[in-house]
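Survey of secondary and tertiary structure
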Amino acid sequence: MNKTRVAVLGATGMIGQRFVQMLEGHPYFEIEGLYASERSDGKRLRDVLKVRDYPYKEETLDLKIEAMDLKRISKNARVALSGIPSDLAGKTETELAEGGVAVFTNAGAHRMDRNVSILIPEVNPTHIESVRDQATFKDGGFIVTNANCSSTGIAIPLAAIRDAYGLEFVSVSTYQALSGAGYPGVPSLDAVGNVIPFINNEEEKMETEIAKMLGTYENKEFNFAKFRVLANCARVPVIDGHLESLVIKTKTAPSVDELAETLRKFRGEPQTLKLPGAPDDPIMVRSEMNRPQPALDALAGTPERAKGMSVTVGRIRKNDEYHKLFVLSHNTLRGGAGGSILNAEFAKAKGLL
């Protein structure tokens, strides 16, 4: 099979380098080029390396980073994986889509655009059809976003619960890793031995993104889910892995064991299609009272290519009409680069590339 050529945007950042990690040896995709700002032009990946927990191949570390040339990317790449900041992403991603490139982005600039999905293929696979209603689709270009890293972790178990029991109310409190703030992230004197109970616009993003993802796409419009979402977000001194506390009310009330079994058995289209980046178990349920933990569970997921792509759920309890549980996800893999790559794999499987 001829591999699809992929441009990596923002290759000097954490998400960009996670893209590169997950593209090594990929059965569908090959790297067309690594791109960043002009100040990084000519540097090698090894010169700007930020990912510390993955052993890149020597030939990958020797790849040269180039200043972004949108005309060149449009000519040479079918897909762009975007890890650039949102304030730059909006115009850049639009121009690439206009140039016939399929853009899969980690940035938030287009998440609330009319015909642009916030896609998690296990959660809302039909939303990918919205690309056909984008003006650029006739020329082969389109934009698909993934969710904010804190929204992604809870969206998957919430989808499983919604499908089985319905949802009436969701309250979430997050304990978010430092890497979610990018590199170098939060200053050490603010982060060490501390919890910061404010992440700019994070709570608003969660409350709207969850409603969009768990809604429907019909007649060229997104219809947001009707249940209420309330979010509180905090930054904690953890490197990777967002831990989130959920309190939910369902339309029909399962027992704790029933809810755990529903989550454990949940599968989506990526698992049916056996996509390379899809974990065998999108949701892993832990029975221990002290799990999940970032140090133990952030890299959950099999096979090896899907390491860090499973969401881990634990401490499922029931209190009157409410259920309480904890959810953990890897914020720069499932909630970042891995999410975009899975979206690209899904688009390819659907014949959109």
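Residues numbered from 1 in each chain as written. Predicted model: local features only at pLDDT ≥ 70, side-chain atom pairs only at ≥ 80, totals over all residues. Heavy atoms only, no water.

Bringing the nonpolar core into the picture now. Among the nonpolar cores identified, the biggest contains 40 residues, and Val8, Phe19, Leu23, Leu34, Leu81, Phe104 and Phe142 are the most heavily contacted of them. For this core, the secondary structure elements donating two or more residues are strand S1 (4-9), helix H1 (14-23), strand S2 (29-36), strand S4 (79-82), strand S5 (102-105), strand S6 (142-145) and helix H11 (333-349). Ranked by residues supplied to this core, first place goes to H11 with seven residues. Those residues within four positions of Leu23 in sequence are excluded, and the remaining contacts are Val6, Val8, Phe29, Ile31, Leu81 and Ile341. Core analysis: the second largest hydrophobic core is formed by 38 residues, Leu167, Met206, Val229 and Ile316 among them. (Core = buried A, V, L, I, M, F, W, Y, C linked by side-chain atoms within 4.5 Å. Buried < 20%, exposed > 50% of the residue type's maximum accessible area, 1.4 Å probe, protein only. Helix = DSSP H or I, 4+ residues; strand = E, 2+ residues; numbered from the N terminus. Contact = heavy atoms within 4.5 Å.)

One pass over the structure, following the stated rule, counts 20 salt bridges. Salt-bridge contacts for Glu66 lead to Arg72; the nearest nitrogen and oxygen are separated by 2.4 Å. We classify Arg72 as partly exposed; its relative accessible area is 29%. Measuring nitrogen to oxygen at the nearest pair gives 2.8 Å for the salt bridge that ties Arg334 to Glu122. In this pair, Arg334 sits in helix H11 while Glu122 sits in the loop between S5 and S6, placing the two residues 212 residues apart along the sequence. The class for Glu122 is buried, based on a relative accessible area of 4%. One continuous salt-bridge network, built from bridges that share partners, spans Arg286, Glu288, Arg291 and Asp297. (Salt bridge = Lys/Arg side-chain N within 4 Å of Asp/Glu carboxyl O.)

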